[in-house]
Amino acid sequence: SIVSTKEMLLDAKKRKYAVPAFNIHNLETVQVVVEAAAELYSPIILAATPSTVKYAGPDYLLAIANVATARYNIPIALHLDHSEDIDYIKQCIDLGYKSVMIDASHDPFEENIRKVSEVVDYAHRFGVTVEAELGRLGGQEDDLVVDEKNSIFTDPEKAVEFVEITNIDSLAVAIGTAHGLYKDKPKLDFDRLERINQLIDIPLVLHGASGIPDKDVRRSIELGITKVNIATELKIPFSNAVKQFFNEHPEESDPRKYLTPGKDAMKKVTIEKIKLCGSDGKA
Ligand code: 13P
Ligand code: ZN
Ligand code: NA
């Protein structure tokens, strides 16, 4: 059955690679991710945002993930991504989810700590791992003044305090990535990441990896990132392939026909990203 992200991220930290966390939405996208991971013998994290969990059904999604673990001999985690709702997190834990993110990064520091601590206290009783975010990931493209810009990046000293007080299992850092693609070339603050990694022992997580050049992802992993979150770069090829299929076959109505090219296109990128993270052969 599904595992927490504890062992896989500690192994990634020790052996200096990252476990990719791919956002999935339904049976087909889970199939793509686990098939690619199994072929490359990679540990894998299936990430589901609260809206995905609600769309698919929390029990359905858990069952699908558990079937995948029975089929393939690799560690598979199902991770509740970016949940801001403590009660919803607890419900998922009660159902059997083993990895969650409490995202209180929009709250002031003390409030973030309070919420995260509540989730950790609950989760750890059930062997569930908890990820939390300090700083705030954004899509800001404006010419922000340095102070303002710094205020959304993760403060290394604050992060030490945050990790010590909350007892989280992994920390999502804000070092210049943003969710979705980028209008301007993203510039990552590697000095900041290096400093955070020097000060903090637990695994570090990079959100918003879509649109980040491969060399920057690799450098982030060298500097301590052990989990790389990827969503947009999988959704786009999937939907483009489906659109193209319908352009060429407007009369088609069989989901097995029109979804298969989407799956194939997504799988290609999934394989590339697993290799980029260096998790192939590490299961
Ligand atoms: P991207 O869509 O930029 O890949 O971000 C994914 C993410 O951080 C999911 O939590
Ligand atoms: Zn994210
Ligand atoms: Na991104």
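Residues numbered from 1 in each chain as written. Chains lettered and ligands numbered in written order. Predicted model: local features only at pLDDT ≥ 70, side-chain atom pairs only at ≥ 80, totals over all residues.

The name an unreviewed UniProt entry assigns to the protein is tagatose-bisphosphate aldolase, from the organism Tepidibacillus fermentans. Under the Pathway (unreviewed entry) heading, UniProt states for the protein: "Carbohydrate metabolism; D-tagatose 6-phosphate degradation; D-glyceraldehyde 3-phosphate and glycerone phosphate from D-tagatose 6-phosphate: step 2/2." (UniProt positions renumbered as here; feature names shortened; annotations may be inferred.)

A. Layout of helix α11 (residues 232-248). Between the first and last C-alpha of α11 there are 24 Å, a value that for 17 residues agrees with the 24 Å anticipated at 1.5 Å per step. Those residues of α11 that fall on the buried side of the exposure criterion are Glu 233, Leu 234, Phe 238 and Ala 241. Down the axis of α11, the buried side of the element spans an arc of 135 degrees, and every buried residue falls inside it. Residues of α11 that are buried make contact with β1 (19-23), β8 (225-230) and α12 (255-277). (Helix = DSSP H or I, 4+ residues; strand = E, 2+ residues; numbered from the N terminus. Expected span 1.5 Å × (residues − 1). Buried ≥ 20, exposed ≤ 12 C-beta atoms within 10 Å, placed from the backbone. Arc of directions from axis to C-beta. Contact = placed C-beta atoms within 7 Å.)

B. View of the UniProt feature "binding site: Zn(2+) 1" (unreviewed entry) in the protein. Summarizing the sequence annotation, UniProt attributes the feature "binding site: Zn(2+) 1" (unreviewed entry) to His 82, His 179 and His 207 in the numbering used throughout. Of the residues just listed, which span 126 residues, no C-alpha pair is farther apart than 11.7 Å, and they cluster in one region. Its place among the elements puts His 82 in strand β3 (residues 76-83). Ignoring any residue separated from it by four or fewer positions in sequence, one finds His 82 in contact with Thr 49, Met 101 and Asp 103. On the secondary structure map, His 179 appears in the loop between β6 (170-173) and α9 (190-199). We classify His 179 as partly exposed; it has 16 C-beta atoms within 10 Å.

C. Highlighting the environment of Leu 134. Within the secondary structure, Leu 134 sits in strand β5 (residues 129-134). A residue is classified by how many C-beta atoms lie within 10 Å of it, and Leu 134, with 26 of them, is buried. Considering only alpha carbons, one finds Leu 134 and Gly 180, 46 residues apart in sequence, at a separation of 19 Å. Not counting the four nearest positions on each side in its chain, Leu 134 is found in contact with Ser 105, Asn 112, Thr 154, Lys 158, Ala 159, Phe 162 and Leu 171.

D. A look at the nonpolar core. One finds Val 33, Leu 46, Val 100 and Leu 171 to be the most contacted residues of the largest nonpolar core, which totals 81 residues. Val 33 has contacts with Phe 22, Ile 24, Ile 44, Leu 46 and Thr 270, leaving out every residue within four places of it along the chain. (Core = buried A, V, L, I, M, F, W, Y, C linked by C-beta atoms within 7 Å.)

E. Inspection of the pairing of strand β4 (residues 99-102) at higher detail. Alternating residues of β4 divide into Ser 99 and Met 101 and Val 100 and Ile 102, and every residue in both groups is buried. The pairing of β3 with β4 spans 3 bridges and is parallel. Along β4, the bridge assignment pairs Ser 83 with Ile 102. Between the parallel pair β3 and β4, the chain is carried across by helix α5 (residues 86-95), and the sense of this crossover is right-handed. Examined bridge by bridge, β4 and β5 share 4 bridges and lie parallel to one another. Directly across from Met 101, in β5, lies its bridge partner Glu 131. Running through helix α6 (residues 109-124), the crossover from β4 to the neighbouring parallel element β5 is right-handed. (Pairing = 2+ DSSP bridges. Right-handed = clockwise from strand over helix to strand, strands pointing away.)

F. Main features of the UniProt feature "binding site: dihydroxyacetone phosphate" (unreviewed entry) in the protein. Following the UniProt record, one finds the feature "binding site: dihydroxyacetone phosphate" (unreviewed entry) at Gly 180, Gly 208, Ala 209, Ser 210, Asn 229, Ile 230, Ala 231 and Thr 232. In terms of the greatest pairwise C-alpha distance, the residues named above, spread along 53 residues, form a tight cluster of at most 11.0 Å across. The topology assignment puts Ala 209 in the loop between β7 (204-206) and α10 (214-222). Since 26 C-beta atoms lie within 10 Å of it, Ala 209 is described here as buried. Leaving out residues up to four positions away in the same chain, Ala 209 has contacts with Thr 177, Val 217, Val 228, Asn 229 and Ile 230. Mapped onto the elements of the fold, Thr 232 is located in helix α11. By C-beta crowding, Thr 232 is classed as partly exposed, having 14 other C-beta atoms within 10 Å. Other than its neighbours up to four places away in sequence, Thr 232 contacts Gly 180, Leu 181 and Ser 210.

G. The arrangement of the site of ligand 1 in detail. The local shell around ligand 1 holds 15 residues, among which His 207, Ser 210, Asn 229, Ala 231 and Thr 232 are the closest. Counting residues per element, the ones that place at least two in the shell around ligand 1 are β3, β8 and α11. Per-class residue counts for the shell around ligand 1 are 4 nonpolar, 9 polar and 2 charged. (Near = placed C-beta within 6 Å. Nonpolar A, V, L, I, M, F, W, Y, C, P; charged D, E, K, R; others polar.)

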